[in-house]
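One-letter residues, chain by chain:
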Amino acid sequence: MAKVLVLRGILAGVLMFAYGPLPSWSAEDESLAPVSKRLVSFNSQPLPLFDAQGDLSIPAVLSIPARRNNSVPAVIILHGSAGMDSRGELHSRDLNQLGIATLELDMWGARGIEGGASGRPTRVHDTLPDLAGALSYLAKYPGIDPARIGVVGFSWGGVQAMLASTATVSAELVKKTGVRVTALAAFYPVCWGYNRVPGYEFKMLAPVRLIVLTGGDDQYDDDPAACPSLISALPHSERIKIDIHVYEGAQHGFNGFEAAQQYEDPFLHRGKGGVGTSAPHAIARETSRQAVRDFFTDAFEQKDTSVAHSQFMSTTQRRDPLVF
């Protein structure tokens with residue numbers, strides 16, 4: 001959750017990230033349909049059940065690929081404590097290439113804060129209204145299929161995704177927006193805290209698909225089995241909705257391009273606090289990119305998203321040497 005960059009400005013409708021361009025893409029990408037990218041804004045929506053206030057104007061980057069059919073699915077991208085960075089752009093481009101629209105939120109820009117452990121809201125619940133507003137916005141946007149909306153979140157955003165996959169939070173979002181999220185991807189969502197920290201219950205899932213991707217050396221959990229243990233404690237009927245990937249040797253923020261950095265956070269080391277590291281991991285990044293692409297492709301092709309995923313991909317079922 002290290003502090004990096006937050007989106008601040010607009011230049012002729014083109015987003016300019018301070019970290020520079022992503023690495024070049026393969027030649028086959030050039031044959032894909034063009035993507036319309038624009039900066040938009042929408043209002044967050046209050047969620048009284050969680051005492052979470054709305055009515056903020058949330059800036060976001062909306063990217064829509066050329067439509068092959070009447071409508072396209074969409075994925076909401078939720079940044080980490082650091083704010084918007086290379087991870088959002090990376091996964092947005094991946095999803096756009098699959099014909100999936102993306103809406104990347106700037107939750108810190110909406111609040112005039114810089115992020116990081118000392119500059120973020122007190123609770124993840126305080127940003128769930130941003131997700132509610134995004135759902136309502138996409139559901140009404142021409143060319144977006146409201147029955148196929150997903151979420152991908154990193155760290156803070158990963159916790160949002162985990163919470164939104166639960167029956168309680170999902171029901172509140174549906175009540176407020178009329179939209180049920182189809183599938184959610186949670187990157188390194190601090191698994192040790194669920195069912196321990198009040199308000200962060202993870203016991204019963206909504207009828208959605210969920211994929212959890214984390215690093216074996218993540219210093220928030222200090223245990224490569226933290227996420228698999230959390231999932232394995234669920235009833236079988238809940239476990240089969242979830243894919244779990246743990247990447248050996250990868251730290252927090254492994255799917256980014258920013259240089260490794262150290263920072264302090266009270267939630268590090270299973271809530272003991274202290275210093276931790278976020279660092280890119282090239283192999284884990286590329287492997288997780290493919291996992292996310294496959295996940296949303298499969299989820300959005302499911303005609304009945306209430307049907308549980310047919311196979312729980314446990315750590316013992318993996319064949320990739322980086323996933324255990």
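Everything quoted here is computed from the prediction, not taken from an experiment. (Residues numbered from 1 in each chain as written. Predicted model: local features only at pLDDT ≥ 70, side-chain atom pairs only at ≥ 80, totals over all residues. Heavy atoms only, no water.)

Undergrad: So what about the overall build of the protein chain? Which residues, and what values?
TA: Scanning the protein chain from N- to C-terminus turns up 9 helices and 10 strands. Counting the 324 residues in the protein chain, one finds 57% classified as buried. In the protein chain, the proportion of contacts linking residues at least 24 apart, taken out of those at least 6 apart, comes to 82%. Accessible surface, the protein chain as shown: approximately 13300 Å² in total, 52% of it carbon and sulfur. (Helix = DSSP H or I, 4+ residues; strand = E, 2+ residues; numbered from the N terminus. Buried < 20%, exposed > 50% of the residue type's maximum accessible area, 1.4 Å probe, protein only. Contact = heavy atoms within 4.5 Å. Areas by Shrake-Rupley, 256 points an atom, 1.4 Å probe, with all protein chains shown as cover.)

Undergrad: I'd like to hear about the state of the cysteines, residue by residue, with values.
TA: Summed over the entire model, instances satisfying the criterion amount to 1 disulfide. Paired through a disulfide, Cys191 and Cys227 show a sulfur-sulfur distance of 2.0 Å. Between Cys191 and Cys227 the sulfur-sulfur dihedral comes to about 90 degrees; the bridge is accordingly right-handed. Taken as a pair, Cys191 in the loop between β6 (183-187) and β7 (209-215) and Cys227 in helix α6 (residues 226-232) lie far apart in primary sequence, 36 residues in all. Under the relative-accessibility criterion, Cys227 is labelled buried at 1%. (Disulfide = S-S within 2.5 Å.)

Undergrad: Got a sec to walk through the pairing of strand β4 (residues 101-105)? Specific residues and values, please.
TA: Of all 5 residues in β4, 5 are buried, a share of seventy percent or more. Of the two faces of β4, the one carrying Ala101, Leu103 and Leu105 and the one carrying Thr102 and Glu104 are both buried. As judged from the 4 bridges shared by strand β2 (residues 57-65) and β4, these two strands associate in the antiparallel manner. Residue pairing across strands places Ala60 opposite Leu105, the latter belonging to β4. Summarising the sheet, strand β3 (residues 72-78) and β4 pair through 4 bridges and their orientation is parallel. Residue Val75 lies in a different strand from β4, and its bridge partner there is Thr102. Since β3 and β4 lie parallel, the crossover through helix α1 (residues 86-97) that links them has a hand, and here it is right-handed. (Pairing = 2+ DSSP bridges. Right-handed = clockwise from strand over helix to strand, strands pointing away.)

Undergrad: Summarise the nonpolar core; cite the residues concerned and give the values.
TA: It is characteristic of soluble globular proteins that their nonpolar side chains tend to be buried jointly. Residues Ile76, Leu103, Leu105, Leu138, Phe202 and Leu210 are the most contacted members of the largest nonpolar core, which totals 65 residues. Counting residues per element, this core draws most heavily on helix α3 (residues 128-140), which supplies 7 residues. Those residues in contact with Ile76 that lie beyond four places of it in its chain are Leu103, Leu105, Leu131, Ala134, Leu135, Leu138, Ile149, Gly150, Val151 and Val152. By size, the runner-up hydrophobic cluster in this structure holds 22 residues, among which are Ala183, Ala185, Ala299 and Phe300. (Core = buried A, V, L, I, M, F, W, Y, C linked by side-chain atoms within 4.5 Å.)

Undergrad: How would you sum up the pattern of salt bridges? Please name residues and give values.
TA: By the definition in use, this model includes 12 salt bridges. Residue Lys241 is joined to Glu238 by a salt bridge in which the shortest nitrogen-to-oxygen separation is 3.5 Å. What you see here is one network of salt bridges that share partners, running through Asp94, Arg285, Glu286, Arg289 and Arg293. (Salt bridge = Lys/Arg side-chain N within 4 Å of Asp/Glu carboxyl O.)

Undergrad: Lay out the sheet that holds strand β1 (residues 35-43) in plain terms, naming residues and giving numbers.
TA: Strand order in the open sheet formed by 8 strands is β1-β2-β4-β3-β5-β6-β7-β8, and the pairing between neighbours is mixed. Here the strands that pair on one side only, and so sit at the sheet edges, are β1 and β8 (242-247). Adjacent strand axes in the sheet meet at a mean angle of 20 degrees, parallel and antiparallel pairs treated alike. Strands β1, β2, β3, β4, β5 (144-154) and β6 of the sheet are contacted by α1, whose axis makes an angle of about 165 degrees with β4. Running over the sheet, helix α4 (residues 156-164) touches β3, β5, β6 and β7 and is turned about 145 degrees from β6. (Axes fitted to C-alpha atoms, helices over the stretch in contact; angles between N-to-C directions.)

Undergrad: Before we move on, could you go through the packing of aromatic side chains and cite the residues and values that matter?
TA: Here the structure, examined in full by the defined rule, presents 11 aromatic pairs. Within the aromatic cluster, the residues linked to one another by ring pairs are Phe154, Phe187, Tyr188, Tyr247 and Phe254. Over the ring of Phe257 we find Arg285; its NZ or CZ atom is 4.0 Å from the centre of that ring. (Phe/Tyr/Trp six-rings, centres within 6.5 Å; stacked < 30°, edge-to-face > 60°. Lys NZ or Arg CZ within 6 Å of the ring centre and 35° of its normal.)

Undergrad: Help me get a handle on unusual backbone geometry, residues and values and all.
TA: Phi is positive for Asp51, which is not a glycine, with a value near 55 degrees. Turning to its location among the elements, Asp51 is positioned in the loop between β1 and β2. Phi is positive for Tyr188, which is not a glycine, with a value near 30 degrees. Inspection of the secondary structure assignment puts Tyr188 in the loop between β6 and β7. With relative accessibility at 1%, the residue Tyr188 sits in the buried group.

Undergrad: So, the pairing of β6: which residues are in play, and what are the values?
TA: For β6, the buried fraction is high: 5 of the 5 residues fall into the buried class. On β6, burial covers both faces: Ala183, Ala185 and Phe187 on one face and Leu184 and Ala186 on the other are all buried. In the sheet, β5 pairs with β6 via 5 bridges, with the strands oriented parallel. Pairing of Gly150 across the sheet is with Ala183, part of β6. Across 5 bridges, β6 lies against β7 in parallel orientation. Residue pairing across strands places Phe187 opposite Leu213, the latter belonging to β7.

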